[in-house]
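Architecture at a glance
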Amino acid sequence: MCATGNGGRVPGSRDTGAQVQGLTAVGLARSKGPRRLRARRPPNRAPPRGGGACACACHDSANPSCPQLAQDRASRGSAGVRHAPPAALELLQDVHLGLAPPRRGPARLAVLSGHYLYYHYCCDGLDDRGWGCGYRTLQTLCSWPGGQATGVPGLDAVQAALEDMGDKPRGFRGSRSWIGCVEASLCLAHFGGPQGRLCHVPRGAGLRGELQRLYSHFAGGGGPVMVGGDADAQAKALLGVCVGPGTEAYVLILDPHCSSAPKNPKELQAAGWVGWREVSSAFDPCSFYNLCLTSCNSEKQQHTED
């Protein structure tokens, strides 16, 4: 199920904020001020809200290779205390470049067009470990297609905008509440970022059924795709897809949970923060998923060209 914008609260949602009942964001054209939502009956049921949680499902002794688990251990040191987050960092661009294809031989491969910046935990000096992955993925989406920080909102600005447009209650600003793909689509419209289109993948379906949609999206010049769910609530971005013979398929994942200070893309690639993952192992079949697919905002693109 695909939709553009936002709908009302769906029972069973993990989102804890108050929602605007029966409202749909009309279009994703660039907004000149606070976003106003025009009331009308949604044509389809809105996607359940999910995504944004940063509690890695791999955090157990059965999977010691999880990069987030190793990083958390290192950040606490021998005394078991978290080290302070780094100061604001210089953001890296297009960190997937240089990765080898996931397989040799015949395959259909497509990756995003344009450029992006890699936003991740603590990259601006704010310690958002444990709650900020949805915001960081949204920032990566906002930096596309120019790969520039100009116009990318900070976390406080995102929370303030969601309050102002009535999607979240007063007091959301300054909190550590998560956001997912639905909130990201609203913010893309509010801040004049790329256009965002929401797609909902029901529980138990996984992303295998969305491979053709993703391939067409990237092959057609589309940008990064935000993904998040409920049982698997870690927000992340998809940058490409590779479909091989038979059932073999991979997605290129950009993970915002890195809280260190990466010096170059190769360091991120070696640590597993960006890389190709087999679809069946990368996504939980017990979770529903929402996708937010980005494409060029024609008004913004024209302004850039001028």
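Source: prediction; values computed, not measured.

Let's shift gears to the overall build of the protein. Secondary structure assignment for the protein yields eight helices and ten strands. Counting the 306 residues in the protein, one finds 51% classified as buried. Contacts in the protein between residues far apart in sequence, at least 24 positions, make up 71% of those at least 6 positions apart. About 13,500 Å² of surface is accessible on the protein, with carbon and sulfur atoms providing 52% of the total.

Inspection of the entire model under this criterion finds two aromatic pairs. When the ring of tryptophan 131 is compared with that of tyrosine 135, the centres are 5.6 Å apart and the planes differ by 80°; the resulting orientation is edge-to-face. Note on accessibility: tryptophan 131 and tyrosine 135 belong to one class, buried. Taken together, a centroid distance of 5.3 Å and an interplanar angle of 90° make the contact between phenylalanine 283 and tyrosine 289 edge-to-face. Of the two residues examined, phenylalanine 283 and tyrosine 289, each falls in the buried class.

Counting along an α-helix, one turn takes 3.6 residues, and residues three or four places apart therefore face a common direction. Counted residue by residue, helix H4 (residues 181-190) has ten buried out of ten residues, so it is predominantly covered. Within the sequence span of H4, burial applies to Cys181, Val182, Glu183, Ala184, Ser185, Leu186, Cys187, Leu188, Ala189 and His190. Residues of H4 that are buried make contact with helix H2 (133-143), helix H3 (155-164), strand S5 (195-201), strand S6 (225-229) and strand S10 (289-295). Backbone geometry just after H4 places glycine 192 at a positive phi near 70°.

Going through the model one piece at a time under the given rule, you end up with 13 salt bridges. Between arginine 103 and glutamate 248 there is a salt bridge, and its shortest N-O distance comes to 3.2 Å. Here arginine 103, found in the loop between helix H1 (67-76) and strand S4 (108-111), pairs with glutamate 248, found in the loop between strand S7 (236-243) and strand S8 (249-254); they are 145 residues apart in sequence, far enough to count as distant. The partly exposed category is assigned to glutamate 248, whose relative accessible area is 26%.

Moving on to the packing of H2 against H4. Packing of H2 against H4 leaves a shortest axis separation of 10 Å and a crossing angle of 35°. Here H2 runs over H4; the crossing is right-handed. Across from Leu138, Leu141 and Cys142 in H2, the residues of H4 making contact are Ala184, Cys187 and Leu188. Of the residues belonging to the contact of H2 with H4, the class tally is six nonpolar, no polar and no charged.

Conventions adopted
- Residues numbered from 1 in each chain as written.
- Predicted model: local features only at pLDDT ≥ 70, side-chain atom pairs only at ≥ 80, totals over all residues.
- Heavy atoms only, no water.
- Helix = DSSP H or I, 4+ residues; strand = E, 2+ residues; numbered from the N terminus.
- Buried < 20%, exposed > 50% of the residue type's maximum accessible area, 1.4 Å probe, protein only.
- Contact = heavy atoms within 4.5 Å.
- Areas by Shrake-Rupley, 256 points an atom, 1.4 Å probe, with all protein chains shown as cover.
- Phe/Tyr/Trp six-rings, centres within 6.5 Å; stacked < 30°, edge-to-face > 60°.
- Salt bridge = Lys/Arg side-chain N within 4 Å of Asp/Glu carboxyl O.
- Axes fitted to C-alpha atoms, helices over the stretch in contact; angles between N-to-C directions.
- Left-handed = near helix turned anticlockwise from the far one by under 90°.
- Nonpolar A, V, L, I, M, F, W, Y, C, P; charged D, E, K, R; others polar.

Remember, this is a structural readout, not a statement about activity or role.
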